[in-house]
Amino acid sequence: MSDSKADKYRKVAYYPGCALEGTGHAYDRSTRQVGKALGLDLVEVRNWNCCGAMEAKNIDPKVQTYLSSRVMSIAANEMGMDVVMAPCNGCYHNLKKAEYDLAHDADSAQVVGRLAEKAGETAYRAGQVETIHALEWIKSAIGEQGLRERIRGGLKGLRVANYYGCMYTRPRHIFPEKDAGPGSESTAKPHFMDDLLAAAGAQNVEFALKTACCGGAHTLSDSDMSTRLVLNILQAAEAAGAEVIATECPTCHSGLEMHQVRAEKRFGKKTQVKIVYFTQLLGIALGLSPRKVGLHENVSDVFAALQSRGVA
Amino acid sequence: MPIHEKSLIRPENLKTHEQLVVDGVDVSGHWSTFIQSRVVTDYNEALQEEIAALPGGEHIHRCWQCGSCTNACTVNAVNPDFNPRYWIYLVRMGMESELLRDKDIIWQCVSCNKCTYACPRDVVPEGVMKALSHWLELKGHTRKSPSMIFDEVFTEQVIQRGRIEEGRIIQRFFRRTGQALGQDWLIEMGRRLLRRLPLGMLTRLGLASVRAPRTHGWARSREALREYVAEEHARQRRALGLSELIEGAQRDAAGIPHA
Ligand code: SF4
Ligand code: SF4
Ligand code: SF4
Ligand code: SF4
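Numbering of residues starts from 1 in every chain and runs along the sequence as written. In the order they appear in the text, chains get letters beginning with A and ligands get numbers beginning with 1. Given that the model is predicted, a residue must reach a pLDDT of at least 70 before its local features are reported, and side-chain atom pairs must reach 80 or more before they are shown or counted; all residues, however, enter totals for whole chains, interfaces and linings. Here the side-chain values reflect all heavy atoms present in the structure, with hydrogen atoms and water set aside.

Undergrad: Looking at this structure, I do not really get the overall build of chain A. What am I missing?
TA: Numbering of helices and strands starts at the N terminus; helices are DSSP runs of H or I of at least 4 residues and strands are runs of E of at least 2. A count of helical and extended segments in chain A gives 13 helices and eight strands. Here the radius of gyration uses the C-alpha set of atoms, whereas the globule reference equals 2.2 Å times the residue count to the power 0.38. Against the 2.2 N^0.38 benchmark of 20 Å for 312 residues, chain A shows a C-alpha radius of gyration of 19 Å, consistent with a compact globule. Summarising its shape, the C-alpha atoms of chain A cover approximately 55 × 45 × 35 Å along the three principal directions. Out of the 312 residues belonging to chain A, those deemed buried represent 65%. We call two residues in contact whenever any of their non-hydrogen atoms come within 4.5 Å of each other. Long-range contacts, defined as pairs at least 24 residues apart, comprise 79% of the intrachain contacts of chain A with a sequence gap of at least 6. Considering chain A, the positive charge centre built from 37 side chains and the negative charge centre built from 35 side chains are found 4 Å apart. In this scheme, a residue with accessible area under 20% of its type's maximum is buried, one over 50% is exposed, and one in between is partly exposed, where area comes from a 1.4 Å probe on protein chains only. When charges are tallied, Lys and Arg are placed among the positive residues and Asp and Glu among the negative ones, while His and the ends of the chain are skipped. Charge coordinates come from a single atom per side chain, which is NZ of Lys, CZ of Arg, CG of Asp or CD of Glu.

Structure below.
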């Protein structure tokens, strides 16, 4: 990774998104705490709006393009920032998708321009900001070596299955910086979270379902399907010997938590593996208290599990 | 011999004979399953154009039937009848009545984009699945799917306030789909959380559900979005040869007040 990137990512516009204010609160909290502990600067996007998640595009795709572009426009045109960091896969994906569409599809650019004008805002122009995920942020700004130097306690060989979900890597064309040679992220077999957690002292298990889908789009509208898909992921992680599944998205995270309970209640299938945000694990490894990274907010009792391993 | 994608053949057109000799060769038992030939006459020549007129369906004409989408599909692994390649084929051929046999499962696409990732022709099968679901609903072949109701509840709130609050969305969705809020697993999740949550956190959650988050100065964005969605939906209805009169639920989706 180049030093220019490391410098560029030291101070970024932070787009938490709606989920991080609700069910994903522990992710917001641990992301901010880890940033602070690492000396990185997060400036929240002013008066942001929802990116539309996986739903608005089904009412109309350009509604999502406008919603996402508005967030990038505020960061660029009102705050003068050139990097937006989003920890939620949904937000990250939507901003990247809007960026791609605005650069490649004249119709999208025209509609967004028209909507922004009616709303009395400056329309976003493709290329004004770079959108990155929290994983890229820490990986590029601090890196594995930098992380190793700051570890207090570490993860003591905790066996982790790294789960990235769908929206971090698919569809491939909206992530031109991935699959781009040495040091870049892979869409087939992502590894940024693996790299960071290994540097923090975890032992990553060989996990084939890293980018499997948890059925998040239908978590409430076709719950049995989601429960089956999640159960698959949980069981595969356990079979691979994982004690915890590390997540990097509030929707994936709460999907795994919710359907772990639902699989138990509805299908009588109990799994033991615990679900935890990668930022919570990094925070613990950096010596932050379990409370600071919001471990008590997780549904699965990851606190007890980490305690019994002498990690927390 | 097993017939490839046997589930695609109507059961009444599969003939199995316990005892059968064809041209002096005994083909009883294992070898005796035959597909009855039939003639299709009820083509809808406009089908591909109609799907292409809906968001997501734009690139359906590119498909060369390699089957990579179905092979990669998350839902297909759970239910072999869920077959994006086959549905795209039917649309391109105009075989509407065949497509309608699967009308109640098409909405189950979970938008994982594994198909889009695998497709060598940039068809974006995920988008095609959404276009198909919309088409089925607009044409009145299916009722609004729970997934569409969820998308509407969610998007209404985003357009209304700029932000969403999950508790409200869940409540509204359960109400609209006639489900009880007291689901056993939901209660169990709450129980597990309450064991550890401190008072401050509970207060925060409580406050969020009273004072809904919103984006300030959103009124003009709201108006612009509503206008756009209404125009777009009217255009789609025209493309499908339907009257432009928007019925109740779609008004809700667009946030247009009822007359
Ligand atoms: S994807 Fe989720 S978290 Fe991101 S802004 Fe939208 S609802 Fe909110
Ligand atoms: S894994 Fe689930 S929540 Fe995560 S991106 Fe995919 S569908 Fe969404
Ligand atoms: S997006 Fe839909 S059709 Fe495509 S692979 Fe996923 S579930 Fe299957
Ligand atoms: S992967 Fe693409 S080209 Fe191949 S069958 Fe599916 S849609 Fe058609």
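Undergrad: Sorry, what's going on with the nonpolar core here?
TA: For soluble globular proteins, the rule of thumb is that nonpolar side chains tend to be buried together. Residues belong to one nonpolar core when they are buried, are Ala, Val, Leu, Ile, Met, Phe, Trp, Tyr or Cys, and are joined through side-chain atoms within 4.5 Å. Within the largest apolar cluster, 106 residues are counted, with the highest numbers of intra-cluster contacts made by Tyr15, Leu197, Phe278 and Leu281 of chain A. Considering each element in turn, this core owes the most residues, eight residues, to helix α4 (residues 61-78) of chain A. In contact with Leu281 of chain A, not counting residues within four places along its chain, are Leu155, Leu158, Val160, Leu197, Val244, Ala246, Val276 and Leu306 of chain A. Ranked by size, the runner-up nonpolar core spans 38 residues in total, among them Cys213 of chain A together with Ile51, Cys112 and Leu132 of chain B.

Undergrad: For this particular structure, what's the right way to read the site of ligand 4?
TA: Residue and element names in this part refer to chain B. The immediate surroundings of ligand 4 are formed by 14 residues, with Cys63, Cys66, Gly67, Cys69 and Cys119 found nearest. Of all the secondary-structure elements, those providing two or more residues to the shell around ligand 4 are α2 (68-72) and α4 (84-93). Under this grouping Gly is polar, as are all residues other than the nonpolar Ala, Val, Leu, Ile, Met, Phe, Trp, Tyr, Cys and Pro and the charged Asp, Glu, Lys and Arg. Across the shell around ligand 4, the residue classes tally to nine nonpolar, three polar and two charged. Proximity is defined per residue: if any heavy atom of the residue lies within 4 Å of a molecule or strand, that residue is considered near it.

Undergrad: How do you make sense of the packing of α4 of chain B against helix α7 (residues 125-138) of chain B when you look at a structure like this?
TA: Relative placement of two packed helices is described by the angle separating their axes and the distance separating the axes. Residue and element names in this part refer to chain B. In this description, a line fitted to the C-alpha atoms serves as the axis of each element, helices being fitted only across the stretch in contact, and the angle between N-to-C directions of two axes falls anywhere from 0 to 180 degrees. At a minimum axis separation of 11 Å, α4 and α7 run at an interaxial angle of 60 degrees. Looking at the two axes, α4 sits oblique to α7. The chirality of how α4 crosses α7 is left-handed. Where α4 approaches α7, its residues Pro84, Trp87, Ile88 and Val91 are matched on the opposing element by Pro125, Val128, Met129 and Leu132. Here the contact of α4 with α7 is built from residues that sort into eight nonpolar, no polar and no charged. Relative orientations are named as follows: roughly parallel for angles under 35 degrees, roughly antiparallel for angles over 145 degrees, roughly perpendicular for angles from 65 to 115 degrees, and oblique for any other angle. Left-handed describes a crossing whose near helix is turned anticlockwise from the far helix through less than a right angle; right-handed describes the clockwise counterpart.

Undergrad: Is there a simple way to think about the site of ligand 2 in this case?
TA: The environment of ligand 2 is formed by Met54, Tyr163, Gly165, Cys166, Met167, Cys213, Cys214, Gly216, Thr251 and Cys252 of chain A. A breakdown of the residues in the shell around ligand 2 according to their chemical character gives seven nonpolar, three polar and no charged.

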